[in-house]
Amino acid sequence: MKRYLPFVIVVVVALLTVGSGAMLYRSRRPMAPVSVKSPVASTKKPESDRLHIRGERNAPITLEEFGDFQCPPCGTLSPLIDELERDYHPRLRIVYRHYPLPMHAHAAEAAYAAEAAGLQGRFWEMHDLLYREQAVWNKAADARTLLNAYAGMLALNIDRFKVDMQSAAVKTTVDSDHREGAERGVKSTPTIFINNLGLAPTELTKAGLRAAVDSAIKESSPKTK
């Protein structure tokens, strides 16, 4: 029996080594990944993503205009607002919302044109062009032809532009802006809000707008003791 004892010991040690090695291997293997269901993301864009904003998106002061592209006072006010955005950058952002008036035959169509241009990344370029050329298309018997020509001037895809102008999505955006304006008491254009405070028509001058922006900046500044 003693003759075989060394062989028995060797076999036992070998078995123990294999067993412990297997246990060690199992302990070091990475755990199988656990599948966790993520919540389904909403496909609806947040309000801030669909707003037409000029200037610093996170600026503390917001000048919000409800405008009508066929409205002469809106056309007069447009360069003044552009000047404000440049002079008060980065403290001021400009937001434009549509409020086409029923008395203006081409106002809704012009709003659709701006939105269709926006779908190709050219909303503000069309916005500026419509106000700059307002006296031309305002009196045209066939405004659509001129709007298509403006799209060509901005190097837009004309076929897509024409389709988008008549799309339900574009009309829904314009209608949504108009509905919100009505809910906030808008009755005429241009109507201006600065940090949600409406300005009186008498304040819609260069001096009046600057005074209102200066006041909003003062109100938003940290109070010192």
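Since the model is a prediction, treat every value here as computed from it, not as a measurement. (Residues numbered from 1 in each chain as written. Predicted model: local features only at pLDDT ≥ 70, side-chain atom pairs only at ≥ 80, totals over all residues. Heavy atoms only, no water.)

## Quick word on the overall build of the protein chain
Within the protein chain, the regular secondary structure consists of ten helices and five strands. In the protein chain, which comprises 225 residues, the proportion classed as buried is 39%. A separation threshold of at least 6 residues defines the contact pool for the protein chain, and within that pool the share at least 24 residues apart is 77%. Total accessible area computed for the protein chain in this model is approximately 14100 Å², and 60% of it derives from carbon and sulfur atoms. (Helix = DSSP H or I, 4+ residues; strand = E, 2+ residues; numbered from the N terminus. Buried < 20%, exposed > 50% of the residue type's maximum accessible area, 1.4 Å probe, protein only. Contact = heavy atoms within 4.5 Å. Areas by Shrake-Rupley, 256 points an atom, 1.4 Å probe, with all protein chains shown as cover.)

## Remarks on the confidence of the model for the protein chain
Note that predicted coordinates carrying low pLDDT should not be read in detail. Here the protein chain averages 84 in pLDDT, while 77% of its residues score no lower than 70. Contacts for the low-pLDDT stretch residues 1-46, under 50 throughout, to residues beyond four places or in other chains number zero contacts. (pLDDT = per-residue confidence, 0-100.)

## Let's talk about the nonpolar core
Leu 63, Phe 69, Met 126, Leu 130, Phe 161, Ile 192 and Ile 194 are the most contacted members of the largest nonpolar core, which totals 44 residues. A per-element tally of this core places helix H4 (residues 107-118) first, with seven residues. When neighbours within four sequence positions are excluded, Ile 192 is seen to be in contact with Leu 63, Glu 64, Glu 65, Leu 77, Ile 81, Leu 197, Gly 198, Leu 199 and Leu 204. Membership of the second largest hydrophobic core comes to five residues, among which are Phe 66, Leu 101, Val 186 and Phe 193. (Core = buried A, V, L, I, M, F, W, Y, C linked by side-chain atoms within 4.5 Å.)

## A closer look at the sheet that holds strand S5 (residues 197-198)
Across the sheet, five strands lie side by side as S1-S3-S2-S4-S5; this open sheet has mixed pairing. Because the sheet does not close on itself, it has two edges, and the strands there are strand S1 (52-55) and S5. The pairing of S1 with strand S3 (residues 92-98) spans four bridges and is antiparallel. Paired with Ile 53 across the two strands is Val 95, which belongs to S3. (Pairing = 2+ DSSP bridges.)

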